[in-house]
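Okay, here's what each chain looks like letter by letter:
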Amino acid sequence: MSRKFVVVDTETTGNAPKKGDKIIQIGLAVIEDGSVTETFSSFIQPHRPIPAFIQQLTGIEQEDVQTAPEFLEIAPLLLEKLENAFFVAHNVRFDLHFINNELEEAGFPAFKGKVIDTVECSRILYPRAPGYQLSQLAEWLQISHSRPHQADSDAQVTADLLLLLFDKFSQLPAPAWKGLRSLASHLESDILPLTKSWENNPAWSEKYDIVEYKGIALKRPKRPAAGERTKKAEEGSGRFFAPGGLLSTVWKDYDYREGQEKMAEEVETAMKNRRHLLVEAGTGIGKTLAYLVPSLYFSKHTGKRVIVSTHTITLQEQLIQKEIPLLKKAVPFSISVFLLKGKSHYLCLRKFKQMLGTAPASYEEVLGLAQILIWILETETGDVEEINLPGGANSLFWEKVCTDDSYGSRASGQWADYNFYERAKARAETADILITNHALLFTEMKRGDQLLPENKHVVIDEAHHLDDLASKHLGEEVSYFYFNQVLNRIGMLEEIGIFQRLLVFEQSSIGHFSSSWYQKRGDYFTLLKYEIDELFRMIHHYCRKHSIPKRTDVGRLSLRYFPAQNADPEWTAVKDSLQRILYIFEEEERAWLSFYHQLSSVVPQGTNEEGLLHDFKSAAEDIEGMCLRLESLLLEEKDNYVYWMEIDKKGAANAAYLYNRPVDVSEQLADQFFARKDSVILTSAALTMKNSFSYVIRRWGLQDFGPKTLQLGSSFSIENRAKLMVPEDIRSIKQKEKDFIWDTAEFIYHAASITEGKMLVLFTSFEMLRQTYDQLKRWDEENIFTFIAQGVKSGSRSKLMKTFKQYEQAVLLGTNAFWEGIDIPGEDLSCLIIVRLPFPPPDEPITQARMEQVKQAGGNPFTEVSLPQAVLRFKQGFGRLLRHKNDRGVVIVLDKRIFQNRYGKDFIDSLPALPVLHKPVDHLLNEIALFFQKG
């Protein structure tokens, strides 16, 4: 490439040049004719101290810049290099902002030329990258990066990255370039001048297995071969797990576990005999393979598909990436396993193509569209989990391009051969084992639609969530934010909105509706939005006024008993507001349907207008659904349902949320799920209370089915490899919460000094976590430890976990998401601290309602609701420590109730047999030190 590119990286004292932050190092790499021709780097004298955290991050100390040149001295060289060149940086705004600020302060003109941001270009060209920090990309693309956060090294790595980006740009198909060119003016990077040399690349069709359809280029679809699934296995998995068996031949480090083989036998027997089975499998049993193997043999022998359902994406990924490849190596026959998700997880090409022809509403949309242009050249699934979109699967942008109920409409018919969701469903039909999630199971159960292929045999892993998830999916919820989002989809008021674009078509093609009719639609739509806004404002005010003040930002008010509200004038005003909304919508719905029917008879098939018309109808139906939901939540009272509202106290005045949930789902699960299956295998590490399955059997409505049960303890003895410790002199939270938090932080800090980090601390409250974290950071002035706090440090659970494993002396503080479903084997985790026993919050509406039901039936709400939930949660938390047979560590419970209250024995008895110490803090710290010295 004949153009010149100057790659710049700066290290600075902070991120605010206008507040006095300065450059302390600059690195340059000049690229001409497709290679790096020159490099330059220098420390810069900032004339101000370098903060300690910057020294730690960059390795640049005060002595390094003491005799370094001032920026004024290197400015002429920098400007010379930048003449007629592109300014390139990884996050170009940051570096260019600092450079221009320094140039202007030194009396030189700011750089006003063309720029390229390698972050933005990487997001577009590598849409499946795990992250876009320079170090993440370098690792993912296998670029050597020896000294991160040193400007010379970073500049060289950014230059290497830029050359890879140019290489990929040059190989893009012409249709992809055409799409990018239409978006280029909205990007930070000036890629438009570069397209002339790339857009007519003749080799793209040879390099990629690409098909061009309706102006977009995408990977040629591969459909599964037609035909029935084959039966190839002899009956029974036999001695698959035995020493010398099939598994041991493909797994070098395989250890025979009697419990694993026992579980596999019981699963196979349950499926053959059409029985439901509950299995509590302790740490190290290997329960995943213990249900996968018999499921596979059963399916291959009988030709009957087995569904495997999980709660978390993490477990789904483990199944697909770890267990299934292992099984494919081990079994002497071919197997078909597929992961099917809800349709909203899959890209809709019709909606995507439609958006490409519309002016983007935001930079996030521009970036998302550009990413998808590249992604569809590579993806075979169209699954949003594959692509690193801004905002991910929950973003407003993805909702505009994901598959919805329109996938079977006439508007989408022309895209049938390229429909990712239909392709996924076709593959699911051929699967011996179909992996899905609990959410899809319960969505199918609620709607009564067949979202999954025909199945009679189901394995539910992470089953302890069953009733809570069933309650969530069988309930209803609505918020102002979501209602407004649905209203905006109809595009009544925006020039580029769906209705406005159809209006232009109707007036030019039909002219049936008058201008006054259109004016009325706009006026009534504005009135509808106003009334909805007012309704949620009143709900917000009502909730704030009547809810019990708490320190959290969430206000919550139960609406379970409607008679109490019926006489309240404020609540009467809420109901009157809803009636006005329903009246306006009923009027408008008739008008919208008339509009739809007039256009549907004349709109040309296969055009953008046909797609817009269907999206208009779909949006109208969604608004109808939201109105019906509002009516159900505010005007109806169903037996066995709890109703409540929540507000964000620091949010907008209409930031209100309405919910209902069935309190007891046992009958629904029994009638609509268990009765319709031949066998359901339910497994988890925590299903028993006092060694009995009776609690979950009752909660899940399994009494009449006579399910078989199997309880398997840990496959390895932990008596010599773990200890449970409870300090006896930590102050009680009941006396003063501030003192308890101080003692908690102090214990964590001293224990971390002994264990050298490698610690997971589980909280039941975000507020307590935050206060503890703040105290720990105040004490750790020298940054000895890396404290990673959920909700304080940004990032998903998996991102926080990855950060935790990267640092030597790390302490991870987590709440709900970290009590289960995480695997930190070996020396990465040696100490688990449980701050409080995990009783469900007493003001949680579902818990309140369940306790009230038990109380009315003459039972004990604490022992029948709160305690079992807490014990099962406690068992899940304990299971985070010892994941493999060679793991060892200590568990510390800082909640003295485990010894002071009678029910504490239930928590201790729920754990495997291990030494228990109840001593003063100093004694326990010595015990921890001795434990690891002996290890």
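To be clear, the structure that these remarks concern was listed above.
These notes cover the structure that comes with them. (Residues numbered from 1 in each chain as written. Predicted model: local features only at pLDDT ≥ 70, side-chain atom pairs only at ≥ 80, totals over all residues. Heavy atoms only, no water.)

Observations regarding the packing of aromatic side chains
Then comes step 1: Counted under the stated rule, the structure contains 43 aromatic pairs.
Then comes step 2: Both rings, one in phenylalanine 87 and one in phenylalanine 111, keep their centres 5.6 Å apart while their planes meet at 40°; by these two values the pair is tilted. Here phenylalanine 87 is found in strand S4 (residues 86-89), whereas its partner phenylalanine 111 is found in the loop between helix H4 (92-105) and strand S5 (115-117), with 24 residues between them in sequence. Like phenylalanine 111, phenylalanine 87 is buried.
Then comes step 3: Summarising the aromatic geometry, the rings of phenylalanine 525 and tryptophan 592 are spaced 6.4 Å apart at their centres and angled 55° between planes, so their arrangement reads as tilted. Of the two residues, phenylalanine 525 sits in helix H23 (residues 515-546) while tryptophan 592 sits in helix H25 (residues 569-600), which places them 67 residues apart along the sequence.
Then comes step 4: The exposure class of phenylalanine 525 is buried, given its relative accessible area of 2%.
Then comes step 5: Members of the aromatic cluster, joined through ring pairs, are Phe499, Phe513, Trp517, Tyr518, Phe525, Phe585, Trp592, Phe595 and Phe616.
Then comes step 6: Here the guanidinium or amino end of arginine 521 rests over the ring plane of tryptophan 517, the centre of that ring lying 4.9 Å away.
Then comes step 7: Over the ring of tyrosine 641 we find lysine 638, and its NZ or CZ is 5.0 Å from the ring centre. (Phe/Tyr/Trp six-rings, centres within 6.5 Å; stacked < 30°, edge-to-face > 60°. Helix = DSSP H or I, 4+ residues; strand = E, 2+ residues; numbered from the N terminus. Buried < 20%, exposed > 50% of the residue type's maximum accessible area, 1.4 Å probe, protein only. Lys NZ or Arg CZ within 6 Å of the ring centre and 35° of its normal.)

Brief notes about the nonpolar core
Note on soluble globular proteins: their nonpolar side chains tend to be buried together.
Then comes step 1: With 102 residues, the main nonpolar core has Leu347, Leu349, Phe352, Ile372, Leu682 and Trp700 as its most contacted residues.
Then comes step 2: At eight residues, the largest contribution of residues to this core is made by helix H15 (residues 363-375).
Then comes step 3: Excluding residues that lie within four positions of it along the chain, isoleucine 372 makes contacts with Leu347, Phe352, Ile387, Phe397, Trp398 and Val401. (Core = buried A, V, L, I, M, F, W, Y, C linked by side-chain atoms within 4.5 Å. Contact = heavy atoms within 4.5 Å.)

A closer look at unusual backbone geometry
Residues apart from glycine generally show negative phi values, whereas peptide bonds are mostly found in trans.
Then comes step 1: One non-glycine residue, asparagine 691, lies in positive phi territory at about 60°.
Then comes step 2: Given a relative accessible area of 57%, asparagine 691 falls into the exposed group.
Then comes step 3: Phi is positive for glutamate 756, which is not a glycine, with a value near 55°.
Then comes step 4: Mapping glutamate 756 onto the fold places it in the loop between helix H29 (737-755) and strand S20 (759-762).
Then comes step 5: What makes glutamate 756 partly exposed here is its relative accessible area of 44%.

Looking at the sheet that holds strand S19 (residues 722-727)
Where strands meet in a sheet, backbone hydrogen bonds hold them as pairs that are either parallel or antiparallel.
Then comes step 1: The seven strands lie next to each other as S21-S22-S20-S23-S24-S19-S25, forming an open sheet whose pairing is parallel. Each end of this open sheet is capped by a strand with a single partner; those strands are strand S21 (786-789) and strand S25 (916-919). Averaged over all pairs of adjacent strands, the angle between their axes in this sheet comes to 20°, without regard to strand direction.
Then comes step 2: In the sheet, S21 pairs with strand S22 (residues 810-814) via four bridges, with the strands oriented parallel. Bridging from a neighbouring strand, threonine 786 pairs with alanine 810 of S22. (Pairing = 2+ DSSP bridges. Axes fitted to C-alpha atoms, helices over the stretch in contact; angles between N-to-C directions.)

Quick notes on the side chain of glutamine 775
Then comes step 1: Looking at where glutamine 775 falls in the secondary structure, it is placed in helix H30 (residues 766-779).
Then comes step 2: Judged by relative accessible area, glutamine 775 falls into the buried class, the value being 9%.
Then comes step 3: Here glutamine 775 is in contact with Trp742 and Ala745, once residues within four sequence places are set aside.

Points about the packing of helix H22 (residues 498-509) against H23
Then comes step 1: Viewed as axis vectors pointing N to C, H22 and H23 meet at an angle of 175°, and their least axial separation amounts to 12 Å. Classified by the angle their axes make, H22 and H23 are roughly antiparallel. Counted together, Phe499, Leu503, Glu506 and Gln507 of H22 and Trp517, Tyr518 and Arg521 of H23 form the full contact between these two elements.
Then comes step 2: Its residues placed into classes, the contact of H22 with H23 shows four nonpolar, one polar and two charged. (Parallel < 35°, antiparallel > 145°, perpendicular 65-115°, else oblique. Nonpolar A, V, L, I, M, F, W, Y, C, P; charged D, E, K, R; others polar.)

Points about the pairing of S22
Then comes step 1: With respect to burial, S22 is a largely interior element, five of its five residues being buried.
Then comes step 2: Relative to S22, S20 runs parallel, the two being bridged by four bridges. In the strand pairing of S22, valine 761 is matched with leucine 813.

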